[in-house]
Amino acid sequence: METVDQLIIQDQKVWNTNVLHVLFDTDTVDNITKIRIPESGIYKLRWTPTKSGIFTVKSAYRVINDAEYSASQLKFPWLTFWKAKLSPKILHFLWKGVHNCLLVNEKLSKHVRDIDEVCPLCKSEYVDHLLINQPVTITVWFALDSNFVTRFVNQIQKELNEWNEHLSKQAAHTTHQTVSRVEVGWTPPRTGFHKINFDAYFLKVNKSMGIGLIMVDDAGVVGGAWSKNGIADDEVQAEALAAYEVIK
């Protein structure tokens with residue numbers, strides 16, 4: 001079965017329900033039979049997300065982006081955002097901040113070995129820290145007009161809270177999916193040695209990850225534990241970063 005016309009009784013222009021029930025479940029068959037079969041015309045492959053029926057990378061990006069956030073109707077107010085009377089450079093900077101892709105040290109250190117991942121002033125280097133919580137940033141905010149700062153910060157905080165709530169729902173929806181795991185028993189290290197076990201988690205919806213390490217001696221006594229949160233491109237990179245922390 002390679003083409004749609006093989007699912008149609010051609011002389012009657014109706015769906016061949018016997019074939020459909022063999023190939024698909026009942027719900028899918030019901031949806032297919034609701035599609036009207038035209039009396040004339042030719043069969044042609046079309047990309048429905050575009051009016052012309054021709055595939056484009058831009059339309060594919062929109063389809064993927066819409067599917068990723070289809071679990072909730074909440075959308076970031078991008079139309080209002082891009083209409084703001086600000087320099088394009090500032091809008092682009094804020095856009096990167098919302099998407100957590102500003103090149104702060106925490107991100108650069110994953111690709112450049114000699115860069116420390118933390119802020120040299122206060123030992124923390126994440127996007128929200130850079131824009132909101134960093135002491136120098138706070139000083140700049142409070143140097144501005146107080147009424148403007150209050151309104152602006154309250155609005156930004158409101159939008160961020162709604163956005164983070166949306167991402168949390170997406171993450172919860174992702175983690176509810178059933179995942180089969182293979183249980184592997186723990187074996188102690190050789191006498192006189194220590195073993196470091198590590199693991200990582202990864203949430204595809206916002207690319208957040210967490211790393212956990214624990215060191216145990218040959219008697220099973222815990223000698224130390226350590227954890228860290230961050231950003232990764234996928235599950236493999238998260239596990240690789242965990243392994244890297246072990247051997248550092």
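Reading guide: rules and limits
Residues numbered from 1 in each chain as written. Predicted model: local features only at pLDDT ≥ 70, side-chain atom pairs only at ≥ 80, totals over all residues. Heavy atoms only, no water. Helix = DSSP H or I, 4+ residues; strand = E, 2+ residues; numbered from the N terminus. Buried < 20%, exposed > 50% of the residue type's maximum accessible area, 1.4 Å probe, protein only. Contact = heavy atoms within 4.5 Å. Areas by Shrake-Rupley, 256 points an atom, 1.4 Å probe, with all protein chains shown as cover. Pairing = 2+ DSSP bridges. Phe/Tyr/Trp six-rings, centres within 6.5 Å; stacked < 30°, edge-to-face > 60°. Patch = residues over 30% accessible without salt bridge, like charges linked within 9 Å, V, L, I, M, F, W, Y side chains within 5 Å. Salt bridge = Lys/Arg side-chain N within 4 Å of Asp/Glu carboxyl O. Lys, Arg positive; Asp, Glu negative; His and termini not counted. Charge placed at Lys NZ, Arg CZ, Asp CG, Glu CD. Axes fitted to C-alpha atoms, helices over the stretch in contact; angles between N-to-C directions. Core = buried A, V, L, I, M, F, W, Y, C linked by side-chain atoms within 4.5 Å.

## A few points about the overall build of the protein chain
Phase 1: Of the regular secondary structure elements, the protein chain holds ten helices and five strands.
Phase 2: When each of the 248 residues of the protein chain is scored for burial, the buried share is 23%.
Phase 3: Expressed as a percentage of contacts within the protein chain between residues at least 6 apart in sequence, the contacts between residues at least 24 apart total 37%.
Phase 4: On the protein chain, roughly 18800 Å² of surface is accessible, and the fraction owed to carbon and sulfur atoms is 59%.

## Points about unusual backbone geometry
Glycine aside, residues mostly have negative phi angles, and peptide bonds mostly take the trans form.
Phase 1: At Lys13, a residue that is not glycine, the phi angle is positive and equals roughly 55°.
Phase 2: Relative to the elements of secondary structure, Lys13 occurs in the loop between strand 1 (8–9) and strand 2 (14–15).
Phase 3: A relative accessible area of 26% means that Lys13 is categorised as partly exposed.

## Observations concerning the pairing of strand 5 (residues 222–231)
Phase 1: Bridge count between strand 4 (residues 208–217) and strand 5: nine bridges; the pairing is antiparallel. The residue bridging Ile214 from the neighbouring strand is Ala225, located in strand 5.
Phase 2: Linking strand 4 to strand 5, which pair antiparallel, is a turn of four residues; within it Gly220 sits at a positive phi near 85°.

## Examining the packing of aromatic side chains
Phase 1: If you walk through the whole model with that rule in mind, you get one aromatic pair.
Phase 2: Seen from their ring centres, Trp47 and Phe55 are 5.0 Å apart, and the 75° between their planes marks the pair as edge-to-face.
Phase 3: What makes Trp47 partly exposed here is its relative accessible area of 26%.

## A word on a negative patch on the surface
Phase 1: A surface patch of negative charge is lined by Asp199, Asp233, Asp234, Glu235 and Glu239.
Phase 2: Counting through the fold element by element, Glu235 comes out in helix 10 (residues 235–247).

## Let's talk about the environment of Ala238
Phase 1: Structurally, the position occupied by Ala238 is in helix 10.
Phase 2: Sequence spacing of Ala238 and Tyr201 is 37 residues, and the spatial spacing of their C-alpha atoms is 7.0 Å.
Phase 3: Residues contacting Ala238, with those up to four places away along its chain left out, are Ala200, Tyr201, Phe202, Met209, Ile211 and Ala232.

## A look at the sheet that holds strand 3 (residues 194–203)
What holds strands together in a sheet is hydrogen bonding between their backbones, with the strands either parallel or antiparallel.
Phase 1: Here three strands make up an open sheet; going across it, the order is 3-4-5 and the pairing antiparallel. Because the sheet does not close on itself, it has two edges, and the strands there are strand 3 and strand 5. Between one strand and the next, the sheet's axes are offset by a mean angle of 10°, whatever the strand orientation.
Phase 2: Here ten bridges tie strand 3 to strand 4, and the two strands are oriented antiparallel to one another. Within the sheet, the bridge partner assigned to His194 lies in strand 4 and is Asp217.

## Things to note about a nonpolar patch on the surface
Phase 1: Taken together, Val22, Leu23 and Phe24 make up a surface patch of nonpolar side chains, about 280 Å² in accessible area.
Phase 2: Mapped onto the elements of the fold, Val22 is located in helix 1 (residues 17–23).
Phase 3: Overall, Val22 belongs to the exposed group, its relative accessible area being 69%.

## Notes on the side chain of Ser208
Phase 1: Note that Ser208 resides in strand 4.
Phase 2: Owing to a relative accessible area of 15%, Ser208 belongs among the buried residues under this scheme.
Phase 3: With residues near it in sequence (within four places) discarded, Ser208 still touches Tyr201, Phe202, Leu203, Gly230 and Ile231.

## Examining the pattern of salt bridges
Phase 1: A full pass over the atoms with the stated rule returns one salt bridge.
Phase 2: With a closest N to O distance of 3.6 Å, Glu245 and Lys228 form a salt bridge. Highlighted residues: Glu245 in helix 10 and Lys228 in strand 5, separated in sequence by 17 residues. Both residues of the pair, Glu245 and Lys228, count as buried.

## Considerations on the nonpolar core
Note that soluble globular proteins tend to have their nonpolar side chains buried in a common cluster.
Phase 1: The biggest cluster of nonpolar side chains holds nine residues, and these are Ala200, Phe202, Met209, Ile211, Leu213, Ala232, Ala238, Leu241 and Ala242.
Phase 2: For this core, the secondary-structure elements that each account for two or more residues are strand 3, strand 4 and helix 10.
Phase 3: Residues Leu7, Leu20, Val29 and Ile32 belong to the second largest nonpolar core, which totals seven residues.

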